[in-house]
Amino acid sequence: MALQRSLLKRSVEAAKAKCLYNLSLRCFSSATLTPPELPPFDYEPKLYKGPLADEVLEKRKKFLGSSLFYYYQKPLNIVEGKMQYLFDDSGKRYLDAFAGIVTVSCGHCHPEILDAIIEQSKLLQHATTIYLHHAIADFAEALASKMPGNLKVVYFVNSGTEANELAMLMARLYSGNLGMIALRNAYHGGSSSTIGLTALNTWKYSIPQGEIHHVINPDPYRGVFGSDANLYAKDIQDHIDYGSSGKVAGFIAETIQGVGGAVELAPGYLKLVYDIIRKAGGVCIADEVQTGFGRTGNHFWGFETQGVIPDIVTMAKGIGNGLPLGAVVTTPEIANVMAQKIQFNTFGGNPVCSSGGLAVLRVLDKEKRQKHCADVGSHLIGRLRELQQRHEIIGDVRGRGLMVGLELVADRKEKTPAKAETAVLFEKLRELGVLVGKGGLHGNVFRIKPPMCFTKDDADFVVDALDYAISKL
Amino acid sequence: ICVASLSSPVLQYCPAFWESTGDSRDIGQSSPIKMQRFAIKRALSGIDFQPWSFSRCLSQVARNEASLHENHDVLIPKMPPFDFSPPPYNGPSADVILQKRKDYLSPSMFYFYKNPLNVVEGKMQYLFDERGRRYLDAFGGIATVCCGHCHPDVVEAIVKQTNRLQHSTILYLNHAIADFAEALASKLPGDLKVVFFTNSGTEANELAMMIARLYTGCHDIISLRNAYHGNAAATMGATAQCNWKFNIVQSGVHHALNPDPYRGVFGSDGEKYAKDVQDLIDFGTSGSVAGFISEAIQGVGGIIELAPGYLPAVYSSIKKAGGLCIADEVQAGFARTGSHFWGFEAHGVVPDIVTMAKGIGNGIPLGAVVTTPEIAEVLTRRNYFNTFGGNPVCTAAGLAVLNVIERERLQEHAHVVGSYLKERLIALKDKYEIIGDVRGRGLMLGVELVTDRQLKTPAKVEIMHVMEQMKDMGVLVGKGGFYGNIFRITPPLCFTKEDADFLVDVMDITMSKM
């Protein structure tokens, strides 16, 4: 009996040990025993002889104000970029998994874009639209050809904020109504009207921002109705019925919220909402500042993933691979309402930015970046979901194509934001050579939205780096 | 070589030009003055004369319709020579572009001229159309191109930086934004040394208005009738010309009487106008305001200089009401006014916030707000972020612009050439009844056309005609004012005396035939 008991004990111990060993193999794969290495890149950055980080930081503090925040305890002095990589003042290479906030779409200093910009800068930088120039016309035509339905009148501006301001103006003029509806957790800009649409308190200053209502965010991860689009859409109907005159100016939403932490709208949401809004006399605005230009992989525009056609589409960021450029595309009916007064943008549609924008469309097409985003994106998301299996701290992996979010939580049930851990991991990733972004109201979401030339090897590197960093927490 | 090759297109143009203006219409309308035609013709034939000496001849000659046809080509002033030939243009023609604009761009997008100009290239103060024809750019892309189109130093800075890094955002460090902010701050008086970069004048003014409202905790802002500050929600409120204001809610802005020396009810009495601001504060607000915003010389409004003494008086009222004074230097800044670097300096005031754009980058999309550290502090209450603002390429260009302005002494140049040009325009005013007023400072000048000097009736139709003629003769000017009857002359600051003469001579000829 004693022998049987000791045999049993030993076999249980052995089983435990084996189990632990297997467990350790899964948690501590070879990738996490040593820090992963950046994929190779055949490029030498130019020699940098300018001011170093400390000097630049001093000047920033003195001349750019204390409100100008930056990433990292020891901020990074980025002096050069090439495709999906950035270089600091010591020549160290980093994988840019954030693309200057989803802005560098084709790749830093992409040769074709450079060519277009430089050639045009030598010919004519600026004359305004009071004279003709082919660049703005060609670019408008090319952009319009990418839009569905009757969306074909293009207004060029200089930023996403300006684009959303204009869209809001159009909505109010066209509908003759005042009230706008936006989603909680949205970001649409920082000027006087767009700050009203923006719905994250850290970005809202204490100034009047009238006639805008924020509805329940159709957030599948944190939203009170999970992925049930119908219940979320009902909140909009309720607001219109009880909180407005019954008529509204319009509705605006990002298809995947950017600043808000890569939150995808519950499936089917926009279809329901667009219907409700139009019945109430309003127009539907799709903010494609981050999701546009093929980034989501299966479609060129984010709104296409929800099977809708908006009345107005706004865009910026990726449109020019970093050039200060924005645009609003709408229908001739809505555009005609704007024709009652003069609406003019001095820099908007200038030859250099238009040439750059046209080059971007060409590159995205030629290099088949949209499909690339779908392929690399699903590979990335697949690997991140595997990682989620092994690390409790990863509460959610979401997104589409190369617009991905990773939410870190201290408790998977409570979904308590793991703010401190996110901050630590953020720094660790930088040390390992990966630059990601941060988002969400609590700053606990990693935003992985790289230049669209990002490869599967780059994706693996990001995941391995994350794996390594998390296991060292 | 340039003069010879370029004068022929100009000359070839003339027959069409004469036909289109319909000489028969002019016969009998203007009182003929004696002209020493044949003498001049003989003296001038075969001689390579200088434009300015020619113009002096012109101002004394009479016009005789019949004899003009004989040798009209000697009457057309010659553009100053320019040692540059653009490469041939193989792109879409004006018609193709116009059709695409109609198909794909805003229906409210207007353009100048009956036959809009297809501008394909620029070099310093000149522009070239699709046929390689050169024009004197006296509008500067709306007071925007300050150093000159494709100025080599600015292009070099842009190209160099574009090859390194276009964009990364201020989340990371980069020296370009820091160096430019430092250089810009050094150009401002007082404690104005914290810079926020935006992408346009509208964004800059929006931010300035928000800062004022946050700093004071008040909402009311006072701006001037006839002002232009932008087209976003708050800036459209501050803008004060109905053509630019859509029928949407624009709250919290009060528009004061415009201290317009030419049309204003109090003439040049700055203090009388300033009382209107005090009245607005006393009766239209709680007594405390967020601030006051104005251009030192109204641009879109038609180059209206604020009556002397106005700004100091108003700044005083605003400060007493706890408000901040915002100087919109989008057009008047960057040495354009000649006498000073900033327009507000000519009025002897120091604002609390200065906004700028247009000339700041010689045409690159860039804007900025400069204020004191104390006021800048308000933005720390939340996050204000501008994705493109302060990007390496635009800030590198901005720094290059400041260096060019200094190295080429463009401020002094604007003062000298501007004063000369203004003098010649005033002489022209003595000659033609239609010129109601000549005003402005440095290379920010306005010429107001009226059909009646007493009533100051805007010459809305005549100005279109003159503008077309001037373009046909190779001069591009701008137009402004509520009635659209004011020429705006805001060229690149490399504009020379010869250019000034050419401009005036062309205007002279046109008006002489009206």
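These numbers come from a predicted model, not from an experiment. (Residues numbered from 1 in each chain as written. Chains lettered and ligands numbered in written order. Predicted model: local features only at pLDDT ≥ 70, side-chain atom pairs only at ≥ 80, totals over all residues. Heavy atoms only, no water.)

## Quick look at the interface of chain B and chain A
Step number 1: Across the boundary between the two partners, chain B contributes 105 residues, which contact 108 residues of chain A.
Step number 2: A combined buried area of about 9400 Å² lies between chain B and chain A, and 67% of that area is made up of carbon and sulfur atoms.
Step number 3: Contact with chain A buries surface across chain B, with Arg 164, Tyr 172 and Leu 173 of chain B losing the most and accounting together for 10% of the total.
Step number 4: Applying the counting criterion to the chain B and chain A interface returns five salt bridges.
Step number 5: The shortest N-O distance in the salt bridge between Lys 100 of chain B and Glu 141 of chain A comes to 2.6 Å.
Step number 6: At the junction of chain B and chain A, the tally comes to 40 residue pairs in polar contact (both at pLDDT 80 or more).
Step number 7: Taken together, the residues that form the side of chain B that touches chain A break down as 61 nonpolar, 28 polar and 16 charged. (Contact = heavy atoms within 4.5 Å. Buried area = accessible area lost by both parts, 1.4 Å probe. Salt bridge = Lys/Arg side-chain N within 4 Å of Asp/Glu carboxyl O. Polar contact = N/O pair within 3.5 Å; in protein donor to acceptor, adjacent residues only side chain to side chain. Nonpolar A, V, L, I, M, F, W, Y, C, P; charged D, E, K, R; others polar.)

## Details of the domain arrangement of chain A
All names here are of chain A.
Step number 1: Domain boundaries in chain A define domain 1 (39-99 + 369-471) and domain 2 (111-367).
Step number 2: Computed over C-alpha atoms only, the centres of domain 1 and domain 2 are separated by 26 Å.
Step number 3: Listed per partner, the contact involves 32 residues of domain 1 and 29 residues of domain 2.
Step number 4: With both chains or domains summed, domain 1 and domain 2 bury close to 2600 Å², and 52% of this area falls on carbon and sulfur atoms.
Step number 5: When the buried surface of domain 1 facing domain 2 is broken down by residue, Arg 369, Arg 400 and Met 403 rank first, second and third, together holding 28% of it.
Step number 6: The interface formed by domain 1 and domain 2 holds three salt bridges in total.
Step number 7: Note that Glu 407 and Arg 222 form a salt bridge whose closest N and O atoms lie 2.7 Å from each other.
Step number 8: For the pair domain 1 and domain 2, the number of links is 17 residue pairs in polar contact (both at pLDDT 80 or more).
Step number 9: Put simply, the parts of the chain that give the side of domain 1 that touches domain 2 at least two residues each are helix H13 (369-390), strand E13 (394-400), strand E14 (403-411) and strand E18 (445-448). (Domains from an automatic or database assignment. Helix = DSSP H or I, 4+ residues; strand = E, 2+ residues; numbered from the N terminus.)

## Points about the nonpolar core
Step number 1: One finds Phe 251 and Tyr 269 of chain A together with Leu 184, Tyr 310 and Leu 503 of chain B to be the most contacted residues of the largest nonpolar core, which totals 235 residues.
Step number 2: When sequence neighbours within four positions are dropped, the list of residues in contact with Leu 184 of chain B reads Val 195, Phe 197, Phe 334, Met 356, Ile 360, Ala 368, Val 370 and Leu 402 of chain B.
Step number 3: Core analysis: the next-biggest nonpolar cluster, separate from the first, contains 29 residues, Ala 208, Met 210, Cys 218 and Leu 324 of chain B among them. (Core = buried A, V, L, I, M, F, W, Y, C linked by side-chain atoms within 4.5 Å. Buried < 20%, exposed > 50% of the residue type's maximum accessible area, 1.4 Å probe, protein only.)

## Focus on the pairing of strand E7 (residues 250-254) of chain A
Each regular strand displays side chains that alternate between the two surfaces of the sheet.
Residues and elements named next belong to chain A.
Step number 1: Burial runs high along E7: five of the five residues are buried.
Step number 2: What you see with E7 is no split at all: Gly 250, Ile 252 and Glu 254 on one side and Phe 251 and Ala 253 on the other are buried throughout.
Step number 3: Note that strand E5 (residues 180-183) and E7 share three bridges and pair parallel. Directly across from Met 180, in E7, lies its bridge partner Gly 250. (Pairing = 2+ DSSP bridges.)

## Considering the packing of helix H9 (residues 175-185) of chain B against helix H15 (residues 392-407) of chain B
All names here are of chain B.
Step number 1: Two elements in contact, H9 and H15, have axes whose closest approach is 8 Å; the angle formed by their N-to-C orientations is 35°. Regarding H9 and H15, the two cross each other, and that crossing is left-handed. Contact residues: H9 offers Ala 176, Ile 177, Asp 179, Phe 180, Ala 183 and Leu 184, while H15 offers Pro 392, Thr 395, Ala 396, Gly 398, Leu 399 and Leu 402.
Step number 2: In terms of residue class, the contact of H9 with H15 is built from nine nonpolar, two polar and one charged. (Axes fitted to C-alpha atoms, helices over the stretch in contact; angles between N-to-C directions. Left-handed = near helix turned anticlockwise from the far one by under 90°.)

## Let's talk about the sheet that holds strand E10 (residues 283-287) of chain A
Residue and element names in this part refer to chain A.
Step number 1: Here we have seven strands laid out as an open sheet, ordered E4-E12-E11-E10-E7-E5-E6, and mixed in their pairing. In this open sheet, the two strands that pair with only one neighbour each are strand E4 (153-157) and strand E6 (212-215). Recorded for the sheet is a direction-independent mean angle of 20° between the axes of neighbouring strands.
Step number 2: Of the pairings in the sheet, the one linking E4 to strand E12 (residues 326-330) comprises five bridges and is antiparallel in character. Looking across to E12, one finds that Val 153 is bridged to Thr 330.
Step number 3: Relative to E4, helix H6 (residues 134-144) is tilted by about 125°, and along the sheet it contacts E4, strand E11 (312-315) and E12.

## Things to note about the packing of helix H9 (residues 229-243) of chain A against helix H10 (residues 269-279) of chain A
Residue and element names in this part refer to chain A.
Step number 1: Remark: H9 packs on H10, axes separated minimally by 9 Å, with the N-to-C direction vectors making an angle of 20°. Between H9 and H10, the interaxial angle falls into the category roughly parallel. Handedness of the crossing formed by H9 with H10: right-handed. When H9 is examined against H10, the residues Ala 229, Asn 230, Tyr 232, Ala 233, Ile 236, Gln 237 and Ile 240 are found in contact with a partner set consisting of Tyr 269, Leu 272, Val 273, Ile 276 and Ile 277.
Step number 2: Among the residues forming the contact of H9 with H10, the class breakdown is 10 nonpolar, two polar and no charged. (Parallel < 35°, antiparallel > 145°, perpendicular 65-115°, else oblique.)

## Describing the confidence of the model for chain A
If pLDDT is low for a region, its predicted coordinates should not be looked at in detail.
Step number 1: Chain-level pLDDT for chain A is 94 on average; 93% of the residues reach the 70-or-more range.
Step number 2: Scored below 50 in pLDDT, residues 25-31 of chain A shows 10 contacts in the model against residues more than four places distant or in partner chains. (pLDDT = per-residue confidence, 0-100.)

## Comments concerning the packing of aromatic side chains
Step number 1: If you walk through the whole model with that rule in mind, you get 35 aromatic pairs over all chains.
Step number 2: Ring centres of Phe 292 of chain B and Tyr 310 of chain B lie 6.5 Å apart, and the angle between their planes is 55°; on these two criteria the pair is classed as tilted. Residue Phe 292 of chain B is found in strand E7 (residues 291-295), and its partner Tyr 310 of chain B is found in helix H13 (residues 310-320); the two are separated by 18 residues along the sequence.
Step number 3: Through pairs of rings, three or more aromatic residues link up here, namely Tyr 71, Tyr 72, Phe 98, Phe 426 and Phe 446 of chain A together with Tyr 172 of chain B.
Step number 4: Above the face of the Phe 84 of chain B ring, Lys 123 of chain B is positioned so that its terminal group lies 5.2 Å from the ring centre.
Step number 5: Seen from the ring of Tyr 126 of chain B, Arg 134 of chain B lies directly overhead, with NZ or CZ sitting 4.5 Å from the centre. (Phe/Tyr/Trp six-rings, centres within 6.5 Å; stacked < 30°, edge-to-face > 60°. Lys NZ or Arg CZ within 6 Å of the ring centre and 35° of its normal.)

## Here's the deal with the domain arrangement of chain B
Residues and elements named next belong to chain B.
Step number 1: Structurally, chain B comprises domain 1 (94-139 + 410-512) and domain 2 (152-408).
Step number 2: Placing a centre on the C-alpha atoms of domain 1 and another on those of domain 2 gives a separation of 25 Å.
Step number 3: Listed per partner, the contact involves 29 residues of domain 1 and 30 residues of domain 2.
Step number 4: Where domain 1 abuts domain 2, roughly 2600 Å² becomes buried across the two surfaces, and 55% of that area is made up of carbon and sulfur atoms.
Step number 5: Of the charged contacts in the structure, one is a salt bridge between Glu 448 and Arg 263, with a shortest N-O distance of 2.7 Å.
Step number 6: Taken together, domain 1 and domain 2 are joined by 18 residue pairs in polar contact (both at pLDDT 80 or more).

## Thoughts on the pairing of strand E2 (residues 85-88) of chain A
All names here are of chain A.
Step number 1: The alternating pattern of E2 places Tyr 85 and Phe 87 and Leu 86 and Asp 88 on opposite faces, both of which are buried.
Step number 2: Bridge count for strand E1 (residues 78-82) against E2 is four bridges, and the pairing is antiparallel. From the neighbouring strand, Glu 80 faces E2, where its bridge partner is Phe 87.
Step number 3: Adjacent in sequence and paired antiparallel, E1 and E2 are bridged by two residues, among which Met 83 carries a positive phi angle near 55°.
Step number 4: Linking E2 back to strand E3 (residues 93-96) in an antiparallel pair, the connection comprises four residues, with Gly 91 at a positive phi of about 85°.

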